[in-house]
Amino acid sequence: MVDHKWIGKTYGPLKYEIGREKMREYAAAAKDNRPIYHDEEFAKTTKYGDIIGMPNFAAVYALRGAGMVLLDQEIKLNLAMLVHGAQEFEWFTVVKPNDVITETGKIADIYEKGNLDFVVYEGEARNQNDELVCRARATFVIRGG
Amino acid sequence: MAELCELKYDDVQVGQEIPSFSHQFDRMDAVIYAGASGDFNPIHTNPFFAKDVAMLPDVIAHGLFNMALLGKTVVDWIGDPGYLKKLSCQFRGMVIPGDTVIFKGKVREKLEGNLVVLDVWAEKADGSIVLKGGEATVFLP
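The structure presented is a predicted model; accordingly, all values stated were derived computationally and were not measured.

## Some words on the environment of Leu131(B)
Residue and element names in this part refer to chain B.
In step 1: Of note, leucine 131 is situated in strand E5 (residues 129-139).
In step 2: What makes leucine 131 buried here is its relative accessible area of 1%.
In step 3: Along the primary structure leucine 131 and methionine 67 are separated by 64 residues, whereas in three dimensions their C-alpha atoms are 7.7 Å apart.
In step 4: Those residues in contact with leucine 131 that sit more than four places away from it in its chain are Asn66, Met67, Leu70, Cys89, Gln90, Phe91, Phe103, Trp121 and Ala122.

Structure (structure tokens):
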């Protein structure tokens, strides 16, 4: 069982600078050749004016705190028995090249069901204008309690 | 201005299925996704580790890779990535090289404010579930 006293533990702020080629690399890795992710000339003809990040690119810029939870030496989760059980993203605006994202996160919940432990991380990503970009909620499941 | 979304809120019906997207996973997909995402867990990229240490049948796809393809499936339907407001799912089935995964969605309800909620999921050709209980919320003009 994971000690409930860690509920509320915070991570960050973590800075992440959005790179043009990294955005493209992520979209290509996710099999998405949509021009708005890759082609600046096309993007200039749209309301966005430049290429935008694939929504799921939030896995890169809004979940780094979750990685810190997994490696947190105070909590020492049993990684051998841990799987990423569920994920939720909520987007409020798009990301563009050179945006500087600041992620702050916390352990939002810890609970048990049967012999499974659940640890929930919530990250909030804001851009350089302090606009909310994305909320990310990752649920990790640890077998064996 | 090039318009990215040609779909209209008024044209969408509850119960309507969106075009599915099908992808056969191979081990290079996981290597490329590892580099793009920064998740280098060897269960996704190293078959020796996956089989001999983690006791898996082979390397398995990243859950977030499968979820990205689910997001792509919804964006392919709406056209404008900025109109995808929410996406969630549970990671259930393992995907190993050679598996074909089909990503699907169906309109569950239409909300005020031009929002549409879909059930979204992913399954293999044999019907076994990969991504379960997913939900997507999109804005449509």
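What follows continues from the structure just given.
## Regarding the pairing of strand E2 (residues 84-91) of chain B
It is a general feature of regular strands that their side chains alternate between the two faces of the sheet.
In step 1: One ladder, built from five bridges, connects strand E2 (residues 82-91) of chain A with E2(B); its direction is antiparallel. Across the sheet, the residue bridging to Glu88(A) is Ser88(B), located in E2(B).
In step 2: Relative to E5(B), E2(B) runs antiparallel, the two being bridged by six bridges. In the strand pairing of E5(B), Lys86(B) is matched with Thr137(B).

## Looking at the pairing of strand E4 (residues 116-126) of chain A
All names here are of chain A.
In step 1: Looking at chain direction, strand E3 (residues 100-113) and E4 are connected through 11 bridges and run antiparallel. By the bridge assignment, aspartate 109 is partnered in E4 with valine 120.
In step 2: Here E3 folds back onto E4 in antiparallel fashion, the turn holding two residues, of which glycine 114 has a positive phi close to 60°.
In step 3: The turn linking E4 back onto strand E5 (residues 132-143) is made up of five residues, and aspartate 130 within it adopts a positive phi angle of 60°.

## Some thoughts on the nonpolar core
In step 1: Tyr26(A), Tyr61(A), Phe89(A), Trp77(B) and Leu140(B) are the most contacted members of the largest nonpolar core, which totals 85 residues.
In step 2: It is helix H3 (residues 63-78) of chain B that provides the largest number of residues to this core, a total of 10 residues.
In step 3: Setting aside residues up to four positions removed in sequence, Leu140(B) forms contacts with Cys5(B), Leu7(B), Lys8(B), Tyr9(B), Val12(B), Trp77(B), Ile78(B), Asn114(B) and Val116(B).

Conventions and cut-offs
Residues numbered from 1 in each chain as written. Chains lettered and ligands numbered in written order. Predicted model: local features only at pLDDT ≥ 70, side-chain atom pairs only at ≥ 80, totals over all residues. Heavy atoms only, no water. Helix = DSSP H or I, 4+ residues; strand = E, 2+ residues; numbered from the N terminus. Buried < 20%, exposed > 50% of the residue type's maximum accessible area, 1.4 Å probe, protein only. Contact = heavy atoms within 4.5 Å. Pairing = 2+ DSSP bridges. Core = buried A, V, L, I, M, F, W, Y, C linked by side-chain atoms within 4.5 Å.

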